[in-house]
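For reference, the chains in residue letters:
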Amino acid sequence: MNAHDEHRANILLYLDNELRGQDIEDFLAHLDNCADCRRLLEEERALSNLLHRTRPLYTAPEPLRARIAAIAEQPATFGDMRESKHKHLLRFGWRNIRRSGFRWMALAAMIIFIVLGLTLVPTVVRHAEAATFIDTAVTTHRAYQENQLPLEIRSNSPEAVTAWFAGKVPFQFRLPSSQSLPGGHPAYALTGARLVKFRNENAALVTYQMKSEAISLLVASDKSAVAAGGDEIRSGSLTFHYNTRAELNVITWSTHGITYALVSSIHGSAQHSCMVCHQDMADQGSFK
Amino acid sequence: MFLKPNTPPAADADIVGVEHIDGLYSYALVLSRNRSEAEDLVQETYVRALGAMGRLRPESNMKSWLFTILRNIWLNQLRQRRTAPQIVEMDVEGINAGIGTKTADDDDPYALYASTVERNQVREAIQQLPAESREIILLREYEELSYQEIATILDCPAGTVMSRLARARAKLRALLSPTLLTTVQSRKEVIE
């Protein structure tokens, strides 16, 4: 495979955000000089755009949704016993269960007690882990503002900062370009980044400026960092968790094996915080 | 955890994992190409997920886990059919024509019409692909799973995901070339 073929093979990887570090730089440099690859990239992008416009491919019918909701609603035990009970419920419905009398009620009460114990304990642990990540993000943001954490790379180029982190953190991520408001002005500007520690692992601190506001983004592997609790805002398949700590607003979310915490002093409700950057953008209607 | 405490369980959004129901149903349909089978697959997936939820670690990727469960159920059903063959009704035309999907253009009749036509063309093209291509297109382009997540679900190396995806996209691009051409022309007309 010669260099040109190799770059052609990278077209899909680039479109799917699977190219990392120096490979992105090399690919973009090749693209500048290769009309053939630019045409192929546009063809692949057109196909992707067409497919994305037709999401979801199919919508689950309402009766199926109702059945799934009913499955989740039933009190249950654990393991195989729970599975077989649900299968039974699905097959015969509620009426048959009621006929079997009072002993079911006693069993159900015991089952509810066990399930509550099994479900609430992981919830408490998860929320405690999420709080640790939020507290770390706030502490890091304060330290950055007070010049105790100088940036290790100063750049407004998402590609340069992404490339700088390659091999330095135990996950792979790519910074998006700042979306523009009408008139071509970026909503926020990248200022730089540095490495920080979270639970003995390297995490990424990325800093932005929005007018006079400093914004920081703490990025860690979801193996060590959890996003949970707070007010929830849904956008597509993502759930954002909105919290406040010491007059700072923190929005956390997890996707593709990475957990993010965005810290700023922008005031307002959870939805309003999202709208600060997204109010004039195409996706503003997707924050619910 | 399947339910959040103190919330009405019937509300879809309040049930963890239910946000993936459209994706799971789409995956089940591209695997089985049969509506009732797809519904059974999704239902069985949630039943098994509920049964195994206690073993799921908090940091686990629930979406990938649900898709893996669905695929395993499907593969088990295929194995059982090999030992006890039975006739399976293929209702590809039905699934493409009969299932509506809400769009952002519901208030604009022309946009709704154009979007419906485009969606049906895409569905038909995908259903013409071999099973291996159908599922990889669904997992990547519709569910936006990473190559590594897809590799885990399909139980194959990430390199195999890349090569299968490239083949699937090439076939799909050929099948959808008239639709893609129409899209490009429409955009040129809008610009001019």
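So, a few notes on the structure that sits alongside this text. Everything numeric in this text was worked out from a predicted model, so none of it was measured.

1. A look at the nonpolar core
- Among the nonpolar cores identified, the biggest contains 51 residues, and L24, Y25, Y27, A28, V42 and L70 of chain B are the most heavily contacted of them.
- The greatest single-element share of this core, amounting to eight residues, is contributed by helix α1 (residues 21-32) of chain B.
- A204, F240, V250 and Y260 of chain A belong to the second largest nonpolar core, which has 37 residues in total.

2. Brief notes about the pairing of strand β7 (residues 248-255) of chain A
Residues and elements named next belong to chain A.
- Direction of pairing for strand β6 (residues 238-245) relative to β7: antiparallel, over a ladder of five bridges. Looking at β7, one finds that H241 is bridged to T252.
- Between β6 and β7, which pair antiparallel in sequence order, lie two residues; one of them, A246, sits at a positive phi of approximately 50°.
- Two elements, β7 and strand β8 (residues 258-264), share seven bridges in a ladder whose sense is antiparallel. Note on β8: the bridge partner recorded for S254 is T259.
- What sits between the antiparallel neighbours β7 and β8 is a turn of two residues, in which H256 has the positive phi angle 50°.

3. Re helix α7 (residues 147-154) of chain B
All names here are of chain B.
- Within α7 the residues assigned to the buried category are Y147, E149, I150 and I153. All buried residues of α7 project into a common sector of 160° when viewed along the axis, lining one side.
- Taken from the residues just after α7, D155 is the one with a positive phi, measuring 55°.

4. Focus: the sheet that holds β8 of chain A
All names here are of chain A.
- Spatial strand order, β1-β2-β3-β4-β8-β7-β6-β5: eight strands in an open sheet with antiparallel pairing. Every interior strand has two partners, whereas the edge strands, β1 (153-154) and β5 (231-235), have only one.
- The sheet contact formed by β1 and strand β2 (residues 189-198) spans two bridges and is antiparallel. Bridging from a neighbouring strand, R154 pairs with G192 of β2.
- Seen against the sheet, helix α7 (residues 158-165) touches β1, β2 and β3 (201-210) and runs at an angle of roughly 15° to β2.

Cut-offs applied
Residues numbered from 1 in each chain as written. Chains lettered and ligands numbered in written order. Predicted model: local features only at pLDDT ≥ 70, side-chain atom pairs only at ≥ 80, totals over all residues. Core = buried A, V, L, I, M, F, W, Y, C linked by C-beta atoms within 7 Å. Buried ≥ 20, exposed ≤ 12 C-beta atoms within 10 Å, placed from the backbone. Helix = DSSP H or I, 4+ residues; strand = E, 2+ residues; numbered from the N terminus. Pairing = 2+ DSSP bridges. Arc of directions from axis to C-beta. Contact = placed C-beta atoms within 7 Å. Axes fitted to C-alpha atoms, helices over the stretch in contact; angles between N-to-C directions.

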